[in-house]
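# Notes for the structure review
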There are 2 protein chains.
Amino acid sequence: MNLRDEAAALDREDPLAPLHDQFSLASDTIYLDGNSLGVAPKAAASRASEVISGEWSQGLIRSWNTAGWFALPKRLGNKLAPLIGAEQDEVVVTDSISTNLFKVLSAALRLANERDPKRRVIVSERSNFPTDLYIAQGLIEQLDRGYQLRLVDNVSELASAIDENTAVAMITHVNYRTGAMHDMAALTRTIHAAGALAVWDLAHSAGAVPVDLNGAGADYAVGCTYKYLNGGPGSPAFAWVPKRLQNACTQPLSGWWGHKKPFEMSPEYRPDDGIGRFLCGTQPIISMALVECGLDVFLQTNMAALRQKSLALSDLFIALVESRCANFPLRLITPRAHAERGSQASFEHPHGYEVMQALIARGVIGDYREPRILRFGFTPLYTRYVDVWDAVETLADILATEAWRAPEFAERGAVT
Amino acid sequence: MNLRDEAAALDREDPLAPLHDQFSLASDTIYLDGNSLGVAPKAAASRASEVISGEWSQGLIRSWNTAGWFALPKRLGNKLAPLIGAEQDEVVVTDSISTNLFKVLSAALRLANERDPKRRVIVSERSNFPTDLYIAQGLIEQLDRGYQLRLVDNVSELASAIDENTAVAMITHVNYRTGAMHDMAALTRTIHAAGALAVWDLAHSAGAVPVDLNGAGADYAVGCTYKYLNGGPGSPAFAWVPKRLQNACTQPLSGWWGHKKPFEMSPEYRPDDGIGRFLCGTQPIISMALVECGLDVFLQTNMAALRQKSLALSDLFIALVESRCANFPLRLITPRAHAERGSQASFEHPHGYEVMQALIARGVIGDYREPRILRFGFTPLYTRYVDVWDAVETLADILATEAWRAPEFAERGAVT
């Protein structure tokens, strides 16, 4: 592609283009960071107003029933389910991804222990998002029964690391840094062939790529709603447990929302039958309610259409960077093969931090990840082909003019 | 008091009366359920609009830093601290009360184990709010090291139940059902004299009664922000750990927000120094931000003034019920002694459920708790003396006319 007009032509032909208008995006911003925080659906502001001025202010305590607040985790879970290949009543939207991982990893270890108490290893990747590793470490320390976290440095070592001592393989489907995507079905088969359980983290998958948890035979999964699902900053995460495993175990965060009859106020915990037992405490309703605004946009399309555009956007971005920035030390670390790529493209640059700050200063918002990584997410609900074109032009100019060398771009603040 | 005018005169003389206007309350509603869900501060709607249309929609990912989202748990914790006798940097607003209890109870058991590994008993009251008992049960089951939950049926048995085998006494300061309040300082002394640690639940205390955690020498505490603190439905809860114990132990929900350097993205968990290590995962920012609207109202008054009015309101309510409903089988189960009473009054009635439904149908909103309990909360920021008068008049009329016998009031829906 040699002209911005060609990108504009792609937008005109794009069947998803009308969805762009359902999001609140400043016209001077090119946002390639929906993999970190999704853009606000326009519906979110009015929905928040309804919840605050109507349900809370007027409905008051009655709204727990009349506005369906108490039912939100399961109802939103059912709305999210089709995006990840889950059945109805297999997903709850609740808590944070870290907390949900603690729950499902605890349940998985209990189940693995029942099946074969010799298995004491959790296998994961050192490149996994840190909170997953931290949660596993916290759980292992708490259990204090000889569990170990075995981390592989390279994906090629993963299959051989999963062996007769493995209780659980805890795998993130799409790597947050590189965008590399596992073959969920194949890796789940490998995990099961070794007699272990498969816990999947879908933080960078849900709403980003087609996911078929049941088709893959996965055992447990968690994910978040504030990235590709556009649920709002820090919006509640989700947990998935297939029907066949829901009642196999309890989980330790046994708060009253997971009780079979919470309003009997019994002093004895009795876990709910089904996915409800993966709930814990009272949920932040306003943040929770807005998750629905993000999910509702997905009802107007499907993951196959989104995936097609996502790959077209990332292919275009990679091709343009490699042609228009060919003289600069950028190295693609995202797999080129479609089957191995999530919905992002990451490049290493020796001054990645400064280059990203210079991009952001010009309104092209991606993000930086240690070490030296420029990360760009593609969110086909609202990212346009011209955005890709303009972003690369801006990057090329920043590199050609060495604008990133300005002192203000070297200052390290807190980064997210 | 024999006339509504006398109540109106009390309102005219009430220095807290102007605060009523800072809340969104329908004029046809008398709300005596702020102990379950606080009323919306008027500021909440505009703050939500700022967060959604400004910080999220315009600021996007930058708002984690520029709008201070990442700092909210500690900043709001510092704002809440004076209300509970906490120092700065001793409180985080985060997660649910159930999840926070899991954290602090885990930390308390670790510390108790270091001090004396023979202690394997958690003491609590059978009448405690169920989720506290459920969380203790879940933790005990997970630890699987012989811990027991010892529940006393009567408060008079509590001191003798705390003995040389007790690791932790897990006590709720104000009972959710009866409104009975413990003497925190005295009971903490008893707990410490037995060599145990004191974990306090402030769900019905924070913003309701003066609390002095440090003055009482308490060890850990949790509480919620959606009751008397008016933070919004299910708004994030809080955890308090005094400086002297913060670094004594880690807690098992070791998510990335509790890491010393979360953005180094290290695969090894290193707990933050201080209260930060009691954070876990990414927080629901919109619900979190609104907690501040509730806290800001408290900056305009103080707990001593609020306590004085709270007791005046509940004294008046009790006196009016006992005089104007004397012919009906209502029995006060809330202590009459001020020092033993929280900010509510609860009455048993053989048809408590139906009576409460009839009250709600007439715009007097209290709530019902098993078994047979009518529960009325008094929230001096927005409850007026005339509200108390009108509520009792409505109750008297419902009892006198037996309006509660209408069939629609017998239907049991989901209750909260």
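Under the defined criterion, the tally for this structure stands at 27 aromatic pairs over all chains. Consider the rings of A:Trp256 and B:Phe129, whose centres lie 4.9 Å apart with planes at 80°: the pair is edge-to-face. Highlighted residues: A:Trp256 in the loop between helix H10 (243-246) and helix H11 (285-298) and B:Phe129 in the loop between strand E5 (121-125) and helix H6 (130-143), drawn from two different chains. Pairing B:Phe70 with B:Phe263 gives two aromatic rings, centres 5.3 Å apart and planes at 55°, and the pair type is tilted. Of this pair, B:Phe70 sits in the loop between helix H3 (63-66) and helix H4 (72-80) while B:Phe263 is found in the loop between helix H10 (243-246) and helix H11 (285-298), placing the two residues 193 residues apart along the sequence. Classification of B:Phe263 as buried rests on a relative accessible area of 17%. An aromatic cluster is built from A:Trp64, A:Trp69, A:Phe70, A:Trp256, A:Trp257, A:Phe263, B:Phe129 and B:Tyr176, whose rings are joined through pairwise contacts. Taking NZ or CZ as reference, A:Arg120 lies 4.4 Å from the ring centre of A:Tyr147, over its face.

Let's shift gears to the sheet that holds strand E12 (residues 367-369) of chain A. Residue and element names in this part refer to chain A. Taken in spatial order, the 4 strands make up an open sheet running E9-E10-E13-E12, and their pairing is antiparallel. Two strands close off the open sheet at either side, each with one partner strand: strand E9 (331-332) and E12. Helix H12 (residues 303-324) rests against E9, strand E10 (344-348) and strand E13 (373-377) of the sheet, and its axis sits at about 25° to E10. The sheet contacts of helix H13 (residues 352-361) involve E12 and E13, and relative to E13 the element is tilted by about 40°.

Once that is clear, we can look at the relation of the copies chain A and chain B. Both copies of the chain are related by one operation, a rotation about an axis with a shift along it. Relative to chain B, chain A is turned by 180° and slid 0.0 Å along the rotation axis, the superposed coordinates differing by an RMSD of 0.0 Å. Taken together, the rotation angle and the small translation identify this as a two-fold axis. In terms of proximity to the rotation axis, the leading residue of chain A is A:Ser287, whose C-alpha is 2.7 Å off the axis. A shared interface surface links the copies, since 100% of the contact residues of chain A are contact residues in chain B too.

So, about the interface of chain A and chain B. Many descriptions give the size of an interface as the accessible area lost when the pieces come together. Listed by partner, the interface residues are 83 residues for chain A and 84 residues for chain B. Buried area between chain A and chain B, both sides added, is near 7200 Å², and the carbon and sulfur share of it is 64%. Taken together, chain A and chain B are joined by 2 salt bridges. A salt bridge links B:Arg110 to A:Glu141; its shortest N-O distance comes to 3.7 Å. Counting across the chain A and chain B interface gives 29 residue pairs in polar contact (both at pLDDT 80 or more). Those elements that provide at least two residues to the side of chain A that touches chain B are helix H2 (43-59), helix H3 (63-66), helix H5 (97-115), helix H6 (130-143) and H11 of chain A. Counting residues per element, the side of chain A that touches chain B draws most heavily on H6(A), at 11 residues. Class assignment for the residues of the side of chain A that touches chain B results in 43 nonpolar, 30 polar and 10 charged.

When the pLDDT values of chain A are averaged, the result is 97; 99% of them are 70 or greater. As a predicted assembly, this complex carries a pTM of 0.98 together with an ipTM value of 0.97.

Below, the discussion takes up unusual backbone geometry. Note that the residue after A:Glu370, namely A:Pro371, is joined by a cis bond; omega there is -15°. Secondary-structure assignment places A:Pro371 in the loop between E12 and E13. Look at B:Asp95: it is not a glycine, yet its phi comes out positive at around 55°. Residue placement: B:Asp95 occurs in the loop between strand E4 (91-93) and helix H5 (97-115). On the basis of relative accessibility, which here comes to 14%, the residue B:Asp95 falls in the buried class.

Turning our eyes to something else, we now look at the environment of A:Leu229. Residues and elements named next belong to chain A. Residue position: leucine 229 is located in the loop between strand E7 (220-223) and strand E8 (238-240). The exposure class assigned to leucine 229 is buried, which follows from its relative accessible area of 1%. With 104 residues separating them along the chain, leucine 229 and isoleucine 333 place their C-alpha atoms 25 Å apart. Once residues lying within four places of it in the same chain are set aside, the contact partners of leucine 229 are Leu80, Leu83, Ala206, Gly207, Cys224, Phe238, Gly294, Leu295 and Phe298.

The subject of this paragraph is helix H12 (residues 303-324) of chain B. Here H12(B) is 22 residues long and its end C-alpha atoms lie 31 Å apart, about the 32 Å a rise of 1.5 Å per residue gives. Its side-chain oxygen placed 3.0 Å from the backbone nitrogen of B:Ala304, B:Asn302 serves as the N-cap of H12(B).

Turning our attention to the packing of H12(A) against helix H14 (residues 385-401) of chain A. Residues and elements named next belong to chain A. Running from N to C, H12 and H14 point in directions that differ by 25°, and their axes come no closer than 10 Å. Comparing their axes, H14 and H12 come out roughly parallel. For the pair H12 and H14, the crossing hand works out as right-handed. Along its contact with H12, which presents Lys309, Ala312, Leu313, Leu316, Phe317, Leu320, Val321 and Arg324, the element H14 presents Tyr385, Val388, Trp389, Ala391, Val392, Glu393, Leu395 and Ala396. A per-class count over the contact of H12 with H14 returns 13 nonpolar, no polar and 3 charged.

Right, let's get into the pairing of strand E5 (residues 166-172) of chain A. Residue and element names in this part refer to chain A. Taken across its 7 residues, E5 has 7 buried, putting it largely inside the fold. Pairing of strand E3 (residues 121-125) with E5 involves 3 bridges; the strand directions are parallel. Residue pairing in the sheet places isoleucine 122 in a bridge with valine 168 of E5. As paired strands, E5 and strand E6 (residues 197-201) are joined by 5 bridges and run parallel to one another. Bridge assignment links valine 168 to a residue of E6, and that residue is leucine 197. Each parallel crossover has a hand, and for E5 linked through helix H8 (residues 184-193) to E6 it is right-handed.

Glancing now at the pattern of salt bridges. Under the criterion given, the structure shown has 54 salt bridges over all chains. Across the salt bridge formed by B:Arg270 and B:Glu264, the nearest N and O atoms sit 3.4 Å from each other. For B:Arg270, a relative accessible area of 38% gives the class partly exposed. In this structure B:Glu264 comes out as partly exposed when scored by relative accessible area, which is 44%. One salt-bridge network, held together by shared partners, links A:Arg75, A:Lys79, A:Glu292 and A:Asp296.

Cut-offs applied
- Residues numbered from 1 in each chain as written.
- Chains lettered and ligands numbered in written order.
- Predicted model: local features only at pLDDT ≥ 70, side-chain atom pairs only at ≥ 80, totals over all residues.
- Heavy atoms only, no water.
- Phe/Tyr/Trp six-rings, centres within 6.5 Å; stacked < 30°, edge-to-face > 60°.
- Helix = DSSP H or I, 4+ residues; strand = E, 2+ residues; numbered from the N terminus.
- Buried < 20%, exposed > 50% of the residue type's maximum accessible area, 1.4 Å probe, protein only.
- Lys NZ or Arg CZ within 6 Å of the ring centre and 35° of its normal.
- Pairing = 2+ DSSP bridges.
- Contact = heavy atoms within 4.5 Å.
- Axes fitted to C-alpha atoms, helices over the stretch in contact; angles between N-to-C directions.
- Least-squares fit on C-alpha atoms with pLDDT ≥ 70 in both.
- Buried area = accessible area lost by both parts, 1.4 Å probe.
- Salt bridge = Lys/Arg side-chain N within 4 Å of Asp/Glu carboxyl O.
- Polar contact = N/O pair within 3.5 Å; in protein donor to acceptor, adjacent residues only side chain to side chain.
- Nonpolar A, V, L, I, M, F, W, Y, C, P; charged D, E, K, R; others polar.
- pLDDT = per-residue confidence, 0-100.
- Expected span 1.5 Å × (residues − 1).
- Parallel < 35°, antiparallel > 145°, perpendicular 65-115°, else oblique.
- Left-handed = near helix turned anticlockwise from the far one by under 90°.
- Right-handed = clockwise from strand over helix to strand, strands pointing away.

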